[in-house]
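# Results of the structural survey
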Amino acid sequence: MTRRVVLASGNRGKVAELSTLLEPAGLVVEPQSDHGVPEAEEPHPTFVENALAKARNAARHTGLAAIADDSGLEVDALDGAPGVLSARYAGPDSDDAANNARLLAELEGLPAERRTARFVCVLAYLDHADDPTPIIAQGFWEGRILEAPRGAGGFGYDPLFWVPDHGCASAELDATEKNRISHRGRALATLRSALAD
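A quick note: this is a predicted structure, and the numbers were derived from the prediction, not measured.

In terms of regular secondary structure, the protein chain is built from 5 helices and 7 strands. Its helices and strands in sequence order give the protein chain the pattern β-α-β-α-β-α-β-β-β-β-α-α, from N to C terminus. In summary, the protein chain has a C-alpha radius of gyration of 17 Å against a globular reference of 16 Å for 197 residues, a match within 12%. A principal-axis box enclosing the C-alpha atoms of the protein chain has dimensions of 55 × 30 × 25 Å. Counting only residues that meet the buried cut, the protein chain has 48% of its 197 residues in that class. At a minimum sequence separation of 6, the contacts of the protein chain that also span at least 24 residues come to 59%.

Structure, rendered in structure tokens:
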């Protein structure tokens, strides 16, 4: 039996990625933009709270089950920044280039061993807007921040994120491999397993 679920995002790439990974769990993923859902506020200090806010907003406006993710980059030398502000690290209207430039400036002069970082992804799944027992799935991807960008793939901080096990930047990985080993891929595997129980 299949179930419709709204994704608290209008990003078609994310919809396609999640659809492929969640289809075996019997879920048909629809973007919230297809339902005219307004963007949710994300004022919270944690990935979990922001993911829940987005999922509740999508479920409330559609009456469907909902999935939302909140993700970002945590850099140890910056006490976990940019964290939940990853997408707007250089300001409210900043783009990837500006965010990457600010990160490099903040870490200028730090040696490789002090540039440790991780990508974090939190997925929240709700059966309905007032679901008291949401499923929360988390994924982490350890690496470090390079001194200059490498690669042309991916988005966000991918050109600056060194993947030690593969000896390259995230932006140099094949998309299929990246989806398999990334923070989002790991969180999705956990969510898919929880939904199958």
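A few words now on the UniProt feature "active site" (unreviewed entry) in the protein chain. Look at the UniProt record and you will see "active site" (unreviewed entry) annotated at Asp70. Its place among the elements puts Asp70 in strand E3 (residues 65-75). According to the relative accessible area criterion, Asp70 is buried, its value standing at 5%. Here Asp70 is in contact with Glu42, Thr46, Phe47, Asn50, Ala51, Lys54, Val84, Val120, Cys121 and Val122, once residues within four sequence places are set aside. A polar contact of 3.4 Å, which involves the side chain of Asp70, links it to the side chain of Asn50.

What follows covers the packing of aromatic side chains. The full count for this structure, using the stated rule, is 3 aromatic pairs. Relative to Phe161, the ring of Trp141 lies with its centre 5.2 Å away and its plane at 55 degrees, an arrangement referred to as tilted. With a gap of 20 residues between them, Trp141 in strand E5 (residues 135-145) and Phe161 in strand E6 (residues 161-163) connect regions that are remote in the sequence. The same class applies to Trp141 and to Phe161, which are both buried. Site record: aromatic cluster; members linked through ring pairs are Phe119, Trp141 and Phe161. One Lys or Arg, Arg102, reaches over the ring of Tyr89 and ends 4.0 Å from the middle of that ring.

All right, on to unusual backbone geometry then. The step from Ala81 to Pro82 runs through a cis peptide bond, and the omega angle for that step is 0 degrees. Here Pro82 is to be found in the loop between E3 and helix H3 (96-107). Within the chain, Asp79 stands out as a residue other than glycine whose phi angle is a positive 55 degrees. As for its placement among the helices and strands, Asp79 is situated in the loop between E3 and H3.

Moving on, we come to the sheet that holds strand E2 (residues 27-31). Sheet architecture is open: 7 strands sit in the order E2-E1-E3-E4-E5-E6-E7, paired in mixed fashion. The sheet is open, and its two borders are formed by E2 and strand E7 (168-169), each paired with just one other strand. Sheet topology places E6 next to E7; 2 bridges connect them, and they run antiparallel. From the neighbouring strand, Val163 faces E7, where its bridge partner is Cys168. In this fold helix H2 (residues 47-62) packs onto strand E1 (3-7), E3, strand E4 (116-126) and E5, with an angle of close to 155 degrees to the strand it touches most, E3.

It is worth spelling out the UniProt feature "binding site: Mg(2+)" (unreviewed entry) in the protein chain at this point. Per the UniProt entry, the sites bearing "binding site: Mg(2+)" (unreviewed entry) are Glu41 and Asp70 in this numbering. Separation in sequence by 30 residues is not matched in space for these annotated residues, since their most distant C-alpha atoms are only 12.1 Å apart. Mapping Glu41 onto the fold places it in the loop between E2 and H2.

If you walk through the whole model with that rule in mind, you get 12 salt bridges. With a shortest N-O distance of 3.3 Å, Glu172 and Arg150 are connected by a salt bridge. Residue Glu172 is located in the loop between E7 and helix H4 (175-181), and its partner Arg150 is located in the loop between E5 and E6; the two are separated by 22 residues in the primary sequence. Residue classification places Glu172 among the partly exposed residues on the basis of a relative accessible area of 35%. We note a salt bridge from Glu177 to Arg180, for which the minimum N-O separation is 2.9 Å.

About the thresholds
- Residues numbered from 1 in each chain as written.
- Predicted model: local features only at pLDDT ≥ 70, side-chain atom pairs only at ≥ 80, totals over all residues.
- Heavy atoms only, no water.
- Helix = DSSP H or I, 4+ residues; strand = E, 2+ residues; numbered from the N terminus.
- Rg over C-alpha atoms; globule rule 2.2 N^0.38 Å.
- Buried < 20%, exposed > 50% of the residue type's maximum accessible area, 1.4 Å probe, protein only.
- Contact = heavy atoms within 4.5 Å.
- UniProt positions renumbered as here; feature names shortened; annotations may be inferred.
- Polar contact = N/O pair within 3.5 Å; in protein donor to acceptor, adjacent residues only side chain to side chain.
- Phe/Tyr/Trp six-rings, centres within 6.5 Å; stacked < 30°, edge-to-face > 60°.
- Lys NZ or Arg CZ within 6 Å of the ring centre and 35° of its normal.
- Pairing = 2+ DSSP bridges.
- Axes fitted to C-alpha atoms, helices over the stretch in contact; angles between N-to-C directions.
- Salt bridge = Lys/Arg side-chain N within 4 Å of Asp/Glu carboxyl O.

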